[in-house]
Amino acid sequence: MTVLDDIIAGVREDLEERRAQLPLEELKQLAAQAPAPRDAYAALGGADEPRRRLRVIAEVKRSSPSKGALAKIADPAELAARYQQGGAAVISVLTEQRRFHGSLADFDAVRAAVDLPLLRKDFVVDEYQIWEARAHGADLVLLIVAALDDEQLRAFLALAQKLGMDALVETHTAEEIDRAVAVGARIIGVNVRNLKTLDVDRSIFAALAGRIPAGAVVVAESGVRDAADVEHYAAHGANAVLVGEALVRDNTPGQAIADFTAAGAAAIAARA
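Residues numbered from 1 in each chain as written. Predicted model: local features only at pLDDT ≥ 70, side-chain atom pairs only at ≥ 80, totals over all residues. Heavy atoms only, no water.

Colleague: Report on the environment of Arg179, specifying residues and quantitative values.
Modeller: With respect to the helices and strands, the residue Arg179 is situated in helix 8 (residues 174–182). Other than its neighbours up to four places away in sequence, Arg179 contacts Val145, Leu148, Asp149, Asp150 and Leu153. (Helix = DSSP H or I, 4+ residues; strand = E, 2+ residues; numbered from the N terminus. Contact = heavy atoms within 4.5 Å.)

Colleague: Quick rundown of the sheet that holds strand 5 (residues 118–121)? Include the residues and the values.
Modeller: Strands sit in the order 1-4-5-6-7-8-9-10 around a closed barrel of 8 strands; the barrel is parallel. Across the sheet, the axes of successive neighbouring strands diverge by a mean angle of 25 degrees, strand direction being ignored. Pairing analysis gives 3 bridges linking strand 7 (residues 166–171) to strand 8 (residues 187–191), with the strands arranged parallel. The partner of Val169 across the bridge, within strand 8, is Ile188. (Pairing = 2+ DSSP bridges. Axes fitted to C-alpha atoms, helices over the stretch in contact; angles between N-to-C directions.)

Colleague: Lay out the packing of aromatic side chains in plain terms, naming residues and giving numbers.
Modeller: Per the counting criterion, the structure on display carries 2 aromatic pairs. Seen from their ring centres, Phe100 and Phe123 are 5.9 Å apart, and the 35 degrees between their planes marks the pair as tilted. Separated by 23 residues along the polypeptide, Phe100 in the loop between strand 4 (90–94) and helix 5 (104–113) and Phe123 in the loop between strand 5 and helix 6 (127–135) bring together distant segments of the chain. Summarising the burial analysis for this pair, Phe100 and Phe123 share the class buried. With a centroid separation of 5.2 Å and 65 degrees between ring planes, the pair formed by Phe205 and Tyr233 is classed as edge-to-face. Of this pair, Phe205 sits in helix 9 (residues 203–208) while Tyr233 sits in helix 10 (residues 227–235); the two residues are 28 residues apart in sequence, bridging distant segments of the chain. (Phe/Tyr/Trp six-rings, centres within 6.5 Å; stacked < 30°, edge-to-face > 60°. Buried < 20%, exposed > 50% of the residue type's maximum accessible area, 1.4 Å probe, protein only.)

Okay, here's the thing in structure tokens:
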């Protein structure tokens, strides 16, 4: 069993507990009552031409399977507010509880504190989670191509869009990028972390990003340690970077976001 398989097995167990407490039909009613979703695609520069800015998706992340505990994050809302002040375009909140120690309670706290688009970061394997994300005020959900077949990927993306949200469609290989493009994904992430071994290889981004069509927002995921890494990704076609560990461990995350944005802009200008 791979790390991804193990995580998904736990996600399914936890999902069944929540479904037993709140049936889908009741969840749909809550989703219908949620405030209108924000436009994450626009926030990430999707409509801009040319895209001269590098956007940062700043993540509220307590732990990870590869590094263990990253930060205590006593107040996720306060951290998110600092992200917003620093210029983050979108905020991502981990809600998977077993390996990442996240929760929907963290998501709710952040939603109440900021007005930026929010990504509900979890391992989506069932439509219930998409309705759940919308009920909690999410504007964007994560769809991991490696965890879904083509029918699920297409159906889940369509449901997210039907609910007014968008999806960050995460890929790791050329074949997965082609699958994401085939279903019409317009925000495509290239994750340079191997989900089987958890190893990071930043060179993967440069090798794969060029397969993504011009109309899509290209997001570099994993491996950002500093502004130099952001510059590397931006130089090879990233329109946005998703950063968790480097920010939650930084005493001045707002300044780090500003530095990342400036590094990205310089790299984009250099490649123009």
